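Residues per chain, in single letters:
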Amino acid sequence: MGRYVIRRLLQMIPVFIGSTFLIFFMVYALGDPVAALFGDKAPDPATAARIRKDLYLDEPLWKQYLHYMGQILTGDFGTAFNGQKVTELMASAFPVTLRLTIVALLFEIVVGIVLGVLSGLRRGRSLDTSVLLITLIVVSIPTFVSGYVLQFLIGVKWGVVTPAVSPYAPFGELILPGVVLALTSLAYVTRLTRTTIAENSRADYIRTAVAKGLPRHRLVTRHLLRNSLIPVVTFIGTDVGALMGGAIVTERIFNIHGVGYQLYQGILRQNSPTVVGFVTILVIVFLLANLLVDLLYAVLDPRIRYA
Amino acid sequence: MEHQRDQPVTLLDVRDLQVEFHTRDGVAKAVNGVNYCVDPGETLAVLGESGSGKSVTAQAIMGILDSPPGRITGGEVLFRGEDLLTMGAETRRRIRGAKMSMVFQDALSALNPVMSVGAQLAEMFEVHEGMTRKDSRAKAVQLMDRVRIPAAKDRVGDYPHQFSGGMRQRIMIAMALALEPDLVIADEPTTALDVTVQAQVMDLLAELQREYNMGLILITHDLGVVADVADKIAVMYAGRIVETAPVHDLYAAPAHPYTRGLLDSIPRLDQKGRQLYAIKGLPPDLTAIPPGCPFSPRCPRAQDICRTDRPPLFAVSHGRASACHFWKETLDER
Amino acid sequence: MPEPEPYPEPRAVDPQPAMDAITPGDGGAMTLATGDARSLGEGPLPGGPGSAKSRSLWSDAWHDLRRNPVFLISALVIVFLVLIAIRPGLIASGNPLQCDLAKAQEGSQPGHPFGFDTQGCDVYTRTVHGARASIAVGICATAGATLLGSVLGGLAGFFGGWWDALLSRIADIFFGIPIILGGLVFLSVVTSGSVWPVVGFIVLLGWPQISRIARGSVVTAKQNDYVQAARALGAGNRRMLLRHIAPNAVAPVIVVATIALGTYIALEATLSFVGVGLKPPTVSWGIDISNASVQIRNAPHMLLWPAGALSITVLAFIMLGDAVRDALDPKLR
């Protein structure tokens, strides 16, 4: 088990370097952060050169990258061009997005798995057919469409919740945005759970369990669920990253000042340290979530634990 | 014989059982009127090719038929005189595993991969006898000892994939015998095992059967196993029993051309060098079983009557029957 | 927001269900020497997916598809969409860029069933013309990602070794970038508003998914007995790949690609909505929805028509993929 964890950790390193370098390359090599800083005005050449030197922008790209990563390891994410520390922006943005992601994840896990299990157990019946149809429709409606429509209906027309979220974004106000963020993943989780439940309920070991005379609830909870949820757990884990990344759209719709908002602002203003810093953190979160999934996988499936 | 007097009725009596499967190509008649019975302590071997309906019959008896697509369309399964097919689901569940149980062919896929073997064994006691987790764990260790798994105490927490094929099948047997059932159905219990291990597992099963005086239905296509352990044989073909006989009678002189073909296709040391006999043709498509005797297209003895009239089971002698119009001729052939 | 299809591992399709086991019982064992190894009860039924009478996977799948209403409806919708993508003039004769500010945000009226948007453009004409960009991005991006992914993944699965390991790590890197985030970063430096940068970006982030599927199904196909037999008979790599492995490994790739097509269309719309995808004057549902979203309280019709068209398009492709998967993968039935 220990060796397994270490192996997974080592495998993460090249992926981390690759992903962050790719982002770094796109932001710094293809945009011109200094020009962006001055907006429409042509910068004074001497000032521009000084800024470039300060930011190591005159060095080759790989050196800039190494320098940047070195700074990050000491907790210094640099300063946004407006003078605010990137870490300050993070401190205000990440908790908001984290709350949003938690709401979405909870919704996705609870509703998705329950619906998936129910329809998987009733394969071919009317509940199953309608769940399949609804999830298909939900998958087909892009988040930004369902977001606006739900905001309009629930927030504006019926006035059930406030349509916009206040800057502190408490959990209560994040329920609707969380649901919107989760919808697509929720549909996938439902379908995946249904498929694995349906597949596993035909497995030989389930037939054995029936032949053992187990009551139905025990059959489902002890034998069927644990085997069926292994791939679902994998999906949900990898989805954490996608949810946090996808929050850009949701946060824009509901005017939530989270990671997506800051990133969007950063990109609009070509605020490179902000963009690279936030993305780096998101990549780390994504990788850690994957590691967590791998560990959970090993806990759930002894065949991996002892491999 | 004390035992016999308590149970005046047969342990298991299958009467005219019929099972269908609904497939894309139509209705496959997998079991078409099977009759057999088993007494306590008796071993019935059910012999047949894949697709002959032997496993489906067993699943119908156990109540683990996949339905849909499978469906029992007729017949009775009397267990100690009570029809299992008309029984309530809950009553039937209590019988399953406790009074009658099953040993499956491939223990690796038949055991839950993510549950320790100890937990899977202990579960039997928790569910059927309401034992505590601790007591049932101790029982599981005893059972593993009983089926001669070395260091049972240390291995009770291990998972199925950590055992060898033979050991896994022993666990499967332990599970089936955990509550000392009256009837055990073993569906090709040794087919998936190495030849060297097959005999050990079969011996263990036979030994435990004698000890508990259980009825045993042994489903197999291995004629070698049958000769050693069975009391009587039922040969199945296309969902029907074509011959049933005490084991030694059948080996001495088969009364059905199909049985004869099976026996002739066993390689024999004293006939080394001769070409091995093979029954020509294929088993019939179960969605369109030919009229008359289903074996007639492949039968060396077939006459016109075989293609038109379906032969009933003719009584050959005491405890012996054959579904062949020419059973006498077949019997006399040797 | 499209997610990767939830297949951590490819669900390999049994490549040749019609190929019955022709291996006789191992020599000497006392098994019934009666030839065929048909199974019933313990396995698939006769005529079921396991032993169909010499039907191939493909003709079997086609047989199923023709009778599947989901397939028929989605195929019909897609044919229609492709048609109006090629010739929008067939059902909308107006010019989507010709607008009349005086009619801004007006509702439905004769000749203009969907009303007008903020710039006074006819929503019906714009919705019809918007199909072109979506379909073009969907088809081009899917073609590119599938080609790149299946060639790279297929070779990795076939040859294994360091190439396989390297490719897996590279694919991991692209997987490590959340897709909308990547779009924001990558596409914000592009000034062109045409479909090509968007197609390029989707191919760049989409191929790893296809390559994983292709790799997995090639590895599965490689392990088949008849492939091993072909190898033993001296078939060369080229012949092995093209004649024996590729035909048996394409089914899962086709399934994933069809579903991906739908999600790519949704992705394009999302990127256009965020402002980094297609840009005016390209007519795109994503842009129209984005513009309309500001006015949703006053004129919801401006949002609902393009949003509905987009959703139906995505739905049609996902349903098609679903139907194809059901037909090609008997195990899921």
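A quick note: this is a predicted structure, and the numbers were derived from the prediction, not measured.

Cut-off values and rules
- Residues numbered from 1 in each chain as written.
- Chains lettered and ligands numbered in written order.
- Predicted model: local features only at pLDDT ≥ 70, side-chain atom pairs only at ≥ 80, totals over all residues.
- UniProt positions renumbered as here; feature names shortened; annotations may be inferred.
- Helix = DSSP H or I, 4+ residues; strand = E, 2+ residues; numbered from the N terminus.
- Buried ≥ 20, exposed ≤ 12 C-beta atoms within 10 Å, placed from the backbone.
- Pairing = 2+ DSSP bridges.
- Right-handed = clockwise from strand over helix to strand, strands pointing away.
- Axes fitted to C-alpha atoms, helices over the stretch in contact; angles between N-to-C directions.
- pLDDT = per-residue confidence, 0-100.
- Contact = placed C-beta atoms within 7 Å.
- Parallel < 35°, antiparallel > 145°, perpendicular 65-115°, else oblique.
- Left-handed = near helix turned anticlockwise from the far one by under 90°.
- Nonpolar A, V, L, I, M, F, W, Y, C, P; charged D, E, K, R; others polar.
- Core = buried A, V, L, I, M, F, W, Y, C linked by C-beta atoms within 7 Å.

1. A short note on the UniProt feature "domain: ABC transporter" (unreviewed entry) in chain B
In step 1: Mapped onto the present numbering, the UniProt feature "domain: ABC transporter" (unreviewed entry) falls on residues 14–263 of chain B.
In step 2: Helix and strand shares over residues 14–263 of chain B are 41% and 27% respectively, and the end C-alpha atoms of the span are 26 Å apart.

2. Topic: the pairing of strand 8 (residues 215–220) of chain B
Two faces, one strand: in a regular strand the side chains alternate between the faces of the sheet.
All names here are of chain B.
In step 1: Across the six residues of strand 8, six count as buried, placing the element largely inside the fold.
In step 2: In the sheet, strand 7 (residues 183–187) pairs with strand 8 via five bridges, with the strands oriented parallel. Its bridge partner being in strand 8, Val184 is matched across the sheet by Leu216.
In step 3: Crossover handedness for the path strand 7 to helix 9 (residues 195–212) to strand 8: right-handed.

3. So, the environment of Asn95(C)
All names here are of chain C.
In step 1: Take Asn95: it is sitting in the loop between helix 2 (69–86) and helix 3 (123–159).
In step 2: The exposure class of Asn95 is partly exposed, given the 13 C-beta atoms found within 10 Å.
In step 3: In sequence terms Asn95 and Val185 are 90 residues apart; their C-alpha atoms lie 33 Å from each other.

4. Observations regarding the sheet that holds strand 8 of chain B
Residues and elements named next belong to chain B.
In step 1: Pairing in this open sheet of eight strands is mixed, and the strands run 6-7-8-3-9-10-12-11 from one edge to the other. Of all the strands in the sheet, just strand 6 (100–103) and strand 11 (314–317) have a single pairing partner and so form its edges. With strand direction ignored, the average angle separating the axes of adjacent strands in the sheet is 25°.

5. A short note on the confidence of the model for chain B
All names here are of chain B.
In step 1: Summarising the model, chain B shows a mean pLDDT of 86, and 96% of its residues fall at 70 or more.
In step 2: When pLDDT is averaged over each helix and strand of chain B, the minimum, 47, is found for helix 1 (residues 2–6) and the maximum, 93, for strand 6.
In step 3: Residue range residues 1–5 is modelled with pLDDT below 50. Its contacts to residues more than four positions away, or to other chains, number two contacts.
In step 4: Reported for the predicted complex are a pTM of 0.80 and an ipTM of 0.86.

6. Points about the packing of helix 8 (residues 237–274) of chain C against helix 9 (residues 285–293) of chain C
Residue and element names in this part refer to chain C.
In step 1: Across the interface, helix 8 lies against helix 9 with an axial gap of 7 Å and an inter-helix angle of 45°. Considering the angle they form, helix 8 stands oblique to helix 9. When you trace helix 8 past helix 9, the crossing you get is right-handed. The residues of helix 9 that touch helix 8, namely those facing Glu268, Ala269, Thr270, Leu271, Ser272 and Phe273, are Trp285, Gly286, Ile287, Ile289 and Ser290.
In step 2: Looking at the contact of helix 8 with helix 9, its residues break down into six nonpolar, four polar and one charged.

7. What about the environment of Ala298(A)?
Residue and element names in this part refer to chain A.
In step 1: Here Ala298 is to be found in helix 12 (residues 272–300).
In step 2: Residue classification places Ala298 among the partly exposed residues on the basis of 18 C-beta atoms within 10 Å.
In step 3: In sequence terms Ala298 and Tyr205 are 93 residues apart; their C-alpha atoms lie 20 Å from each other.

8. What to know about the interface of chain C and chain A
In step 1: Taken together, the contact between chain C and chain A spans 39 residues of the former and 46 residues of the latter.
In step 2: Of all the secondary structure elements, the ones that give two or more residues to the side of chain C that touches chain A are helix 4 (161–175), helix 5 (179–187), helix 8, helix 9 and helix 10 (301–328) of chain C.
In step 3: No other element matches the nine residues that helix 10 of chain C contributes to the side of chain C that touches chain A.
In step 4: Tallied by class, the residues present in the side of chain C that touches chain A amount to 28 nonpolar, six polar and five charged.

9. Examining the sheet that holds strand 2 (residues 26–38) of chain B
Residues and elements named next belong to chain B.
In step 1: Sheet architecture is open: four strands sit in the order 2-1-4-5, paired in antiparallel fashion. The open sheet has two free edges, formed respectively by strand 2 and strand 5 (82–83), since each of these has just one partner strand.
In step 2: Note: strand 1 (residues 12–23) against strand 4 (residues 70–79), eight bridges, orientation antiparallel. By the bridge assignment for strand 4, Phe21 is matched with Gly70.

10. Some details on the nonpolar core
In step 1: Core analysis: the largest hydrophobic core is formed by 261 residues, its most contacted members being Met172(B), Ala174(B), Leu184(C), Val185(C) and Ile202(C).
In step 2: Considering each element in turn, this core owes the most residues, 19 residues, to helix 8 of chain C.
In step 3: Sequence-distant contacts of Leu184(C), defined by excluding residues within four places in its chain, comprise Ile248(A), Leu263(A), Ile267(A), Val274(C) and Val276(C).

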